[in-house]
Each structure stands twice: as C-alpha cells, then as structure tokens.
Amino acid sequence: MTKIAVIYYSSTGNVHQLAAAVAQGAEEAGAEVRLRRVPELAPEEAIDSNPLWRAHVDATAGEVQEATPADLEWAEGYALGSPTRFGTPAAQMKQFIDTLGGLWFTGKLANKGATAFTSAQNVHGGNETTILTFFNIFSHFGAVIVPPGYTDPLLFEAGGNPYGTSNASGGKSATVTEAELAAARYQGRRLAEVSAKLTA
Ligand SMILES: Cc1cc2nc3c(=O)[nH]c(=O)nc-3n(C[C@H](O)[C@H](O)[C@H](O)COP(=O)(O)O)c2cc1C
C-alpha cells in the first residue's frame, strides 16, 4: 500500500472539506492515508472573533489528529492544503513547514509525490499563487510535483485549475461544490498512483 499524508490548515472549514476529499481519493486508489491538520497558532480571542472559525476549531478538535513531521517522513507522497492568505499559504501551514528542516536536510522529503490545494474568498484572489507557493517549497524538498493538469474532463467542471484543486468560498463555510470535491478526490487518486510508481 502506498502511504499518503494529507496535511492541511483550515480556519473556516473549506480547506478541511477539500482535504477530506483528497484523502478519500487516495484511499480509493488503494493508499494508506493519514489525514492531519497542522497546529493552530492563533490566540483564542482571534478565533472567537469569527463564529465560523470558532465552530470549525471546535468541530475538528477531536476529529482530526495534529500533523507532525513524522507523518511526512512516513509518507511516500504528500498533499498540502491551506487557505489563501494574501496570495500565499497561511502562517500556520508555513510554521509547520518550517519545522521540516531536519527531514529536508536528511533527504526524507525528496523523491516523493507532492501536490497542493487551496481555498480563497475570491475566484481570482490568489488560489493559483498559493498553490504555486507550495510548488516553490516542493522544489526545495526535491519532491516530484504532481499537478492535476487537464488530465481528466471533470477538472473543467471544477474551474479548470491545472495547478491543484481550488475553491472560492465568498468568505463563508461549507462552500466546496460537488465538482470541486470530485476534483479533489481525483487529485488524491492521482497523487497515490504517481507516488506508487515512484516507489516501485
Ligand atoms: C488574513 C487573511 C487573508 C486572506 N487573504 C485572501 C486573499 O488574498 N484572497 C482571497 O480571495 N481571500 C483571502 N482570504 C480569505 C480566505 O482565503 C477564504 O475565506 C478561504 O476560503 C478560507 O478557507 P478555510 O475555510 O479553509 O479557512 C483571507 C483571509 C484572511 C483571514
């Protein structure tokens, strides 16, 4: 079984929806999957200032385990997801990535399949730049980047983002469409299939 880690950050739940679908797709491809959320860094007052954020933190606290670097060492392929924050991944995700120096130094992140997904408020609010920022990081890891491209017609139904699955939430919760969920599942399947070839 190919080992796939799906690691994400989400404040108001949209990236969480995508992450669960990516994980489901990888499982459908026969992979063993770890779905993990990176630790929250924001103070309680900030979380409380947004009822959607508070609701999501409370809903997922016991449901999804926190990610550790060991999850990426274990994985033979990984998917990272984050909301767009000014066109880049959230600080919570970046902080987790910045704990990976030891794994990077010893080559434990290299030669593995890597893919990324995101949600922004707006269609053109930075979805693609956020995913491309992940691709910068993947390059430093020496990962084998696995974008969806236009390798399946269902991707066009989800907005046709060739870099990775993306969602425009309008700043609300639970906005991921069936088409986007299908694209995310496809992305997870594709990551698992490519990662299996890399480890063969
Ligand atoms: C500090 C901050 C910066 C943001 N920057 C952007 C942005 O550049 N473009 C955009 O469209 N949305 C931006 N957003 C909105 C979120 O990316 C959007 O609500 C996203 O759907 C949240 O995903 P989540 O539900 O998984 O937390 C920002 C939100 C915050 C709090």
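In the nomenclature of an unreviewed UniProt entry, the chain corresponds to NAD(P)H dehydrogenase (Quinone) from the organism Geodermatophilus dictyosporus. One UniProt comment on the chain, placed under Sequence similarities (unreviewed entry), says "Belongs to the WrbA family."

Engineer: How would you sum up the pattern of salt bridges? Please name residues and give values.
Structural biologist: Following the criterion strictly, the structure yields 9 salt bridges and no others. Put simply, Arg 54 and Asp 58 hold a salt bridge, and the shortest N to O gap is 3.0 Å. Here Asp 58 and Arg 54 lie together in helix α3 (residues 51–60), a separation of 4 residues that amounts to about one turn. Among the residues examined, Asp 58 registers a relative accessible area of 49% and is labelled partly exposed. For Lys 108, the salt bridge identified is with Glu 73, shortest N-O distance 3.5 Å. Remark: Glu 73 occurs in helix α4 (residues 69–74) and Lys 108 occurs in the loop between α6 (101–105) and β5 (113–120); sequence separation between them is 35 residues. For Lys 108, a relative accessible area of 35% gives the class partly exposed. A residue is classified by how much of its surface remains accessible, and Glu 73, at 39% relative accessible area, is partly exposed.

Engineer: Tell me what's going on with helix α7 (residues 127–141), and back it up with residues and numbers.
Structural biologist: Between the first and last C-alpha of α7 there are 22 Å, a value that for 15 residues agrees with the 21 Å anticipated at 1.5 Å per step. For α7, the complete set of buried residues consists of Asn 127, Thr 130, Ile 131, Phe 134, Phe 135, Ile 137, Phe 138 and Phe 141. One face of α7 carries all of its buried residues, which in axial projection span an arc of 165°. Once α7 ends, the next one or two residues include Gly 142, with phi positive near 75°.

Engineer: Break down the nonpolar core for me, with residues and values.
Structural biologist: Within the largest apolar cluster, 29 residues are counted, with the highest numbers of intra-cluster contacts made by Ile 7, Leu 72, Tyr 78, Met 93, Phe 138 and Phe 141. Ranked by residues supplied to this core, first place goes to α7 with 6 residues. Contact partners of Met 93, with chain neighbours within four places excluded, come to Ile 7, Tyr 8, Tyr 9, Val 38, Leu 80, Gly 81, Ser 82 and Phe 134. Among the nonpolar cores identified, the runner-up in size contains 21 residues, and Val 6, Ala 26, Phe 117 and Val 176 belong to it.

Engineer: Pulling in residues and values, what's your account of the site of the ligand?
Structural biologist: The full set close to the ligand counts 17 residues, and Ser 10, Thr 12, Ser 119, Gly 125 and Ser 169 are the nearest of them. At a separation of 2.8 Å, an oxygen atom of the ligand approaches a polar side-chain atom of Asn 14. Within the backbone of Gln 121, a nitrogen or oxygen atom sits 3.0 Å from a nitrogen atom of the ligand. Against a free-state accessible area of 650 Å², the protein chains account for coverage of 78% of the ligand. More than half of the atoms of the ligand fall within 2 Å of the grid points belonging to the largest pocket. Going through the elements one at a time, α1 (14–28), β3 (77–85) and β5 are the ones with two or more residues in the shell around the ligand. Ranked by residues supplied to the shell around the ligand, first place goes to β3 with 3 residues. Taken together, the residues that form the shell around the ligand break down as 4 nonpolar, 12 polar and 1 charged.

Parameters at a glance
Residues numbered from 1 in each chain as written. Predicted model: local features only at pLDDT ≥ 70, side-chain atom pairs only at ≥ 80, totals over all residues. Heavy atoms only, no water. UniProt positions renumbered as here; feature names shortened; annotations may be inferred. Salt bridge = Lys/Arg side-chain N within 4 Å of Asp/Glu carboxyl O. Helix = DSSP H or I, 4+ residues; strand = E, 2+ residues; numbered from the N terminus. Buried < 20%, exposed > 50% of the residue type's maximum accessible area, 1.4 Å probe, protein only. Expected span 1.5 Å × (residues − 1). Arc of directions from axis to C-beta. Core = buried A, V, L, I, M, F, W, Y, C linked by side-chain atoms within 4.5 Å. Contact = heavy atoms within 4.5 Å. Near = heavy atom within 4 Å. Polar contact = N/O pair within 3.5 Å; in protein donor to acceptor, adjacent residues only side chain to side chain. Areas by Shrake-Rupley, 256 points an atom, 1.4 Å probe, with all protein chains shown as cover. 1 Å grid on protein atoms, 1.4 Å probe; cavity = no way out; pocket = protein on both sides within 12 Å on 5 of 7 lines; lining within 4 Å. Sits in = over half its atoms within 2 Å of the grid points. Nonpolar A, V, L, I, M, F, W, Y, C, P; charged D, E, K, R; others polar.

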